[in-house]
Amino acid sequence: MVEITVRKRPRTEAVVTQRKFFKKTARGKVIKVLRERYLRDDVSCGIHSCQVCASEQESVLPSSGSLEHPSFPNGHFLLPDTNIFLSQMDLMESPLFDPPIVLLQTVLEEVRHRSLPLYNRLKALVKADDKKVWVFYNEYRSETAVIREEGESPNDRNDRGIRRATAWYKGHLELSRPQIRGQTKPPQPAVVLLTDDVANRQKAEKEGLPCVSVRKYVEGCKNSSQLLDLLSASGSDTIEPTAATAARQALYPEYLPMATLLAGVKSGQLHQGHFNANQYNYLEGSVPVPAFDKPVLLVGRENMNRAVQGDVVAVEVFDEKEWKAPADEVVDQEATLRNDDAEDSEDEGDDDETLAERKVLEAEAAKQAASSKQPTGRVVGIIKRNWRSYVCHIDSTSLTSTNPTSLSQQTVFATPVSRLLPRIRLRTRQAPALIGQKILVTIDRWERTSRYPEGHFVRALGKVQSKEAEQESLLLEFDVPYRPFGKAILDCLPPEGDSWVVPPKSSTHPDWRDREDLRNLIICSIDPPGCQDIDDALHARRLPNGNIEAGVHIADVSHFVHPDTPMDHEAAARGTTVYLVDKRIDMLPALLGTNLCSLRPHVERLAFSVIWELSPEAEIVNVRFTKSVIASKSAFTYEEAQIRKDDPNLSDELTESIRLLNDLARKLKAGRMAAGALNLASPEVKIHLDSSESSDPVDVEQKELRETNSLVEEFMLLANISVAGKIQETFPQTAVLRRHLPPPRTNFEKLQDILKKRKGMTLDVSSSGALAASLDQCVDPDEPAFNTLVRIMATRCMLSAEYFCSGSVARDTFGHYGLASPIYTHFTSPIRRFADVLAHRQLAASIGYTPLHPSLHSKSHVERVLEVVNKRHRMAQMASRASVEFYVGLALKARSEKGTVLEDAYVIRTFRNGLGVFVSRLGIEGLVTFKREIQFDADNYTITVPADGHDVTISVFDKVQVKVEVEQDKNTQRGRVVMSLSQPIDSRRL
């Protein structure tokens, strides 16, 4: 029998082994938390061939460290402190920066508490194949664990723990390389503490520990000229001052302390919201806040106070007598500030740019009407920054030297692709080589004394206008994860790979457990042309009692994607598949998306089925949910299904099934519309590509919607509604649902006013049904496209639909306004949407197929996951639109080379110096600006342009003709769509 010895820890050790801290609960109660930590002496150092550590773990650090730095000829390991990872992650991730790194547990935990996105990047860095990073659990090793001393701050305690771990590594290396009698002492690599904290460096030097600042270390690296550009401005303690720093004056007000901001928001004196920049006027922004129907307007740089698009800010609202109206003039940053100097941009004074901005603001203030004024205020603090890496171009006019061989550091302007962002000042040694390239730039800081934020260069993406660079920049701009799936994720796939098949039917096989065999049903799928990830299939058949059985069969993705696995985590992080014009960024590996989970014809597939018994009038008699095995009989495109349905010579079972489905779909849609569902519109176009290999756009046309599009849509909506009711009934606190809140009536005020004044029409927004009825009445007999235009404009007044956890919001806010449904979810596209995967898991549990994973019983977990999914969904939509716009631009460029491109357009907005127009055939908006003074009637939404001997008046909703060109910007080399008026007047002559 094995002898077991129980050793009791002495009471004196409790102070080291116990961790005590105080925690505030959601209700404000402070509780003391006491945790026991078990210290040990066998935590490995991670260095290869270490004679002292007898660890079974695979070591990742080479025995001599790195020998490539001149300051450490005997080799070295880097031990960075927390702030290095918080401010210099781009450097750490660079493939050019590859010294062996010791990552302390103290540092890892502090990064997790300070920034979750950086923590996730740090975890990815540890797993990266091209990096040598060892996580050393210093808090659990008896020699390196430290306790917080009386009066010591948590930060000082962590710094002391980092120094102790550095000292331990130094001594440990000496023990592992003992001197052999009669031989010279073997060379010992150094463990170098990398820190930009001057006080920490001074203490380390006193303790005899090697330490260095990040800039000094990088200057000694072999690729120093490229690596120095990656350094964050906020982390550089020896940045060369610019010419203007001699007599800096504050250009912006100082932010209030965070405690004051939070207290002000709580008391109602301040208001919290997301900052939104104005794409037409860079001197204006707004912050939607719950206290006001209209957003709080911010006018001028000082009042926007260094807020960047997406930041969560605290605003102070002025007295009502100081409220203003939004500007009705297009103010372009590049045009107004074209002569600004990147070196001198901190010394504002009364330079030309400042005077130009002041003149614009004064002119706007003089022209404003009292009736259109809205709450106006200023940003008094930033609650949460939304800074990330931005796709930019170097402004060639800001270079002081264009010598391609020059390695001198220059301060230049990086102009972001997005018009919503300010120019970024950065210092780089590569400026001449980066002209004409798309680059990635990260904002580091924005001081009160600088007109622009400061940032650093991350990497070049490629030549402007090259499809590869444009695609990657588009994915980066909208924060779309596009890295290849890693080994851990691919290991979650079935080992059979492509050869996996549904096993033969057997009552004992787990794949057939509790599954219905529906392989004999006449099931088909109807999708867009070229669809590879077929999520859904349908069937319908008449029952002996005169009713109709209809079924929606959805790919059983949750059979392959199990909770809490690497593939599950990756799908949750991606949130959705992103569809670009010529490629797809998958949420799941292609083996699942386009093969094992795709409901291909004549192949047996696992499915999750929703089967209704419907009356001939499409009323639900009953519904059931079941896991199933199906074999689709055919995969149609919308066009093929439409032709088959309309062909009077066909009467086979498949055709009759489609006709039956179509008949039911028409009745279902009529019922939805009668209940008040909205029939909205969005500009959708189809890009014709030259070939799948070249992907060069040939032409653009509007998408044609057929009856079969509506057929599929109606049954998907019905399935989603049915599933939503079931999972909410079973899991009332954590059901994954989707809602569309009613828009505030104020959102429609402008559209209502335009319709009334320009067309004599009224728009009733008292309910979704009233809005739907009044949209149907907005018809112009002379212009068939007018109704679609109004629907597009009404869609833009709506709020966005969002996923939510049922226990997190009031029951009366569950409804979907656009669909006029009291409850809704997404269930029908699990291949491409992670929310659907969660709904599948909850539905499977609700029918007793599998128990629900504990994570989906946690309301806070579901909320966190859906927050990410909502963000990814929004970003994916914007990336898809941007991809279409880019390809429309390429198609227009190709067409304009052959001749003038003239298109019909509709005026959707009037400005004091131009028009906003919508080109329906291309699905794009454009801006027509006038250099000559024009008459602007803001109240009646018209402009009057003086022409030869007579005036031409143009109003909102007028049909005009525009000339569309693709112009290359001289500074950024970026192509952009430029529009000018051709009819009723040629604006180029003005």
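Cut-offs used in this document
- Residues numbered from 1 in each chain as written.
- Predicted model: local features only at pLDDT ≥ 70, side-chain atom pairs only at ≥ 80, totals over all residues.
- Heavy atoms only, no water.
- Helix = DSSP H or I, 4+ residues; strand = E, 2+ residues; numbered from the N terminus.
- Contact = heavy atoms within 4.5 Å.
- Areas by Shrake-Rupley, 256 points an atom, 1.4 Å probe, with all protein chains shown as cover.
- Phe/Tyr/Trp six-rings, centres within 6.5 Å; stacked < 30°, edge-to-face > 60°.
- Buried < 20%, exposed > 50% of the residue type's maximum accessible area, 1.4 Å probe, protein only.
- Polar contact = N/O pair within 3.5 Å; in protein donor to acceptor, adjacent residues only side chain to side chain.
- Expected span 1.5 Å × (residues − 1).
- 1 Å grid on protein atoms, 1.4 Å probe; cavity = no way out; pocket = protein on both sides within 12 Å on 5 of 7 lines; lining within 4 Å.
- Points joined across faces, edges and corners; volume = space filled by probe spheres on them.
- Nonpolar A, V, L, I, M, F, W, Y, C, P; charged D, E, K, R; others polar.
- Domains from an automatic or database assignment.
- Disulfide = S-S within 2.5 Å.
- Salt bridge = Lys/Arg side-chain N within 4 Å of Asp/Glu carboxyl O.
- Pairing = 2+ DSSP bridges.
- Axes fitted to C-alpha atoms, helices over the stretch in contact; angles between N-to-C directions.
- Parallel < 35°, antiparallel > 145°, perpendicular 65-115°, else oblique.
- Core = buried A, V, L, I, M, F, W, Y, C linked by side-chain atoms within 4.5 Å.

Enquirer: How would you sum up the overall build of the protein chain? Please name residues and give values.
Expert: When you go through the protein chain residue by residue, the secondary structure sums to 26 helices and 39 strands. Sequence separation of at least 24 residues holds for 66% of the intrachain contacts in the protein chain that already meet a minimum separation of 6. Of the roughly 47000 Å² of accessible surface on the protein chain, 49% is carried by carbon and sulfur atoms.

Enquirer: Go over the packing of aromatic side chains with me, naming the residues and quoting the values.
Expert: The relative placement of two aromatic rings is captured by the distance of their centres and the angle of their planes. Considering all chains together, one arrives at 14 aromatic pairs under this definition. Relative to W323, the ring of F292 lies with its centre 6.0 Å away and its plane at 85°, an arrangement referred to as edge-to-face. With F292 in the loop between β10 (284-287) and β11 (296-299) and W323 in the loop between β12 (312-317) and α12 (333-336), the pair connects residues that are 31 residues apart, well separated along the chain. Taking the relative accessible area as the measure of exposure, F292 reaches 24% and is therefore partly exposed. Ring geometry for F886 and Y887: centres 5.5 Å apart, planes at 85°, overall edge-to-face.

Enquirer: Could you give an account of the side chain of R833, with specific residues and numbers?
Expert: Structurally, R833 can be placed in the loop between β31 (802-805) and α25 (834-846). The exposure class of R833 is buried, given its relative accessible area of 9%. At a separation of 2.8 Å, a polar atom in the side chain of R833 contacts the side chain of D836. Apart from residues lying up to four places away in sequence, R833 is in contact with G575, T576, M587, Y803, H826, F827 and T828.

Enquirer: Can you lay out helix α20 (residues 653-674) for me, pointing to particular residues and giving the numbers?
Expert: Between its first and last C-alpha, α20 extends 32 Å over 22 residues, near the 32 Å set by a 1.5 Å rise per residue. The N-capping residue of α20, defined by a side-chain oxygen 3.1 Å from the backbone nitrogen of L654, is D652. Following α20 by one or two positions, G676 adopts a phi angle in the positive range, close to 110°.

Enquirer: Give a detailed account of empty space enclosed by the protein, specifying residues and quantitative values.
Expert: For the structure on display, the rule yields 5 cavities of 30 Å³ or more. Y282, M304, A307, P422 and W446 are, among the 22 residues lining the largest cavity, the residues nearest its centre. Per-class residue counts for the lining of the largest cavity are 13 nonpolar, 5 polar and 4 charged. When residues are assigned to domains, the lining of the largest cavity turns out to be shared by domain 2 (258-339 + 353-362 + 369-384) and domain 3 (389-463), each giving three or more.

Enquirer: Would you mind going over the state of the cysteines in detail, with residue names and values included?
Expert: Per the counting criterion, the structure on display carries 0 disulfides. Summary of cysteine pairing: C53 is not part of a disulfide, and the nearest cysteine sulfur, belonging to C45, is at 3.7 Å. With a relative accessible area of 17%, C53 lands in the buried category.

Enquirer: Talk me through the pattern of salt bridges; I want residue IDs and the actual numbers.
Expert: Counted under the stated rule, the structure contains 54 salt bridges. For E549, the salt bridge identified is with R541, shortest N-O distance 2.9 Å. Looking at E549, the relative accessible area reads 10%, which means it is buried. One salt-bridge network, in which partners are shared between bridges, spans R425, R427, R445 and E454.

Enquirer: Break down helix α23 (residues 768-777) for me, with residues and values.
Expert: Taken together, the buried positions of α23 are occupied by S768, A770, L771, A772, S774 and L775. For α23, the elements touching its buried residues are α24 (786-795).

Enquirer: Go over the sheet that holds strand β16 (residues 424-428) with me, naming the residues and quoting the values.
Expert: Taken together, the 5 strands give a closed barrel; going around it, the order is β14-β15-β16-β18-β17, and neighbouring strands pair in mixed fashion. Across the sheet, the mean angle from the axis of one strand to that of its neighbour is 50°, orientation sign disregarded. The sheet contact formed by β16 and strand β18 (residues 454-463) spans 2 bridges and is parallel. The partner of L426 across the bridge, within β18, is G455. Against the sheet, helix α15 (residues 467-477) contacts β14 (389-394), β17 (437-445) and β18, and its axis sits at roughly 145° relative to β18.

Enquirer: Got a sec to walk through the packing of helix α19 (residues 638-646) against helix α21 (residues 707-730)? Specific residues and values, please.
Expert: Running from N to C, α19 and α21 point in directions that differ by 105°, and their axes come no closer than 8 Å. Classed by the angle they form, the pair α19 and α21 counts as roughly perpendicular. Two secondary-structure elements touch here, α19 through Y638, A641, Q642 and K645 and α21 through E707, T708, N709 and V712. Grouping the constituent residues of the contact of α19 with α21 by class yields 3 nonpolar, 3 polar and 2 charged.

Enquirer: Tell me about the packing of helix α17 (residues 566-574) against helix α26 (residues 859-898), residues and numbers included.
Expert: Closest axis-to-axis distance for the α17/α26 pair is 7 Å, and the angle between their directions is 55°. Between α17 and α26, the angle falls in the class oblique. In this structure, α17 uses A572, A573 and R574 to contact α26, whose residues at the interface are V868, V869 and R872. By residue class, the composition of the contact of α17 with α26 is 4 nonpolar, no polar and 2 charged.

Enquirer: Explain unusual backbone geometry to me, using residue names and the numbers behind them.
Expert: Omega for the bond connecting Q983 with P984 falls within 30 degrees of zero, at 10°, which places this linkage in the cis form. Inspection of the secondary structure puts P984 in the segment after β39 (975-983). Of note in the backbone geometry, D479 takes a positive phi value of approximately 55° without being a glycine. Structurally, D479 can be placed in the loop between α15 and α16 (487-490). Under the relative-accessibility criterion, D479 is labelled partly exposed at 27%. We note that Y941 has phi near 60°; this positive angle belongs to a residue other than glycine. Note on placement: Y941 falls in the loop between β35 (935-937) and β36 (942-946). Among the residues examined, Y941 registers a relative accessible area of 10% and is labelled buried.

Enquirer: Describe the side chain of T442, with residues and values.
Expert: Looking at the element boundaries, T442 is found in strand β17. Within polar-contact distance, the side chain of T442 engages the side chain of S389 at 2.8 Å. If sequence neighbours within four positions are ignored, T442 has contacts with D90, R388, S389, E454, G455, H456 and V458.

Enquirer: Tell me about the sheet that holds strand β13 (residues 377-384), residues and numbers included.
Expert: Strands sit in the order β8-β12-β13 across an open sheet of 3 strands; the sheet is antiparallel. Only two strands of the sheet have a single neighbouring strand rather than two, namely β8 (271-274) and β13. Across the sheet, the mean angle separating the axes of adjacent strands is 35° when strand polarity is ignored. Across 6 bridges, β12 lies against β13 in antiparallel orientation. Paired with E316 across the two strands is R378, which belongs to β13.

Enquirer: Help me get a handle on the nonpolar core, residues and values and all.
Expert: Judged by nonpolar contacts, the single largest core of 53 residues is most densely connected at F85, M92 and Y169. Judged by nonpolar contacts, the second largest core, of 51 residues, contains M761, M798, F918 and V919.

Enquirer: An account of the pairing of strand β5 (residues 133-136) is requested, with residue identities and associated values reported.
Expert: Here β5 shows a buried face lined by V133 and V135 and a second buried face lined by W134 and F136. Looking at chain direction, strand β4 (residues 101-104) and β5 are connected through 4 bridges and run parallel. From the neighbouring strand, L104 faces β5, where its bridge partner is F136.

Enquirer: Before we move on, could you go through the environment of R909 and cite the residues and values that matter?
Expert: Mapped onto the secondary structure, R909 falls in strand β32 (residues 902-911). By relative accessible area, R909 is classed as partly exposed at 35%. Not counting chain neighbours up to four residues away, the residues in contact with R909 comprise Y280, L915, G916 and V956.

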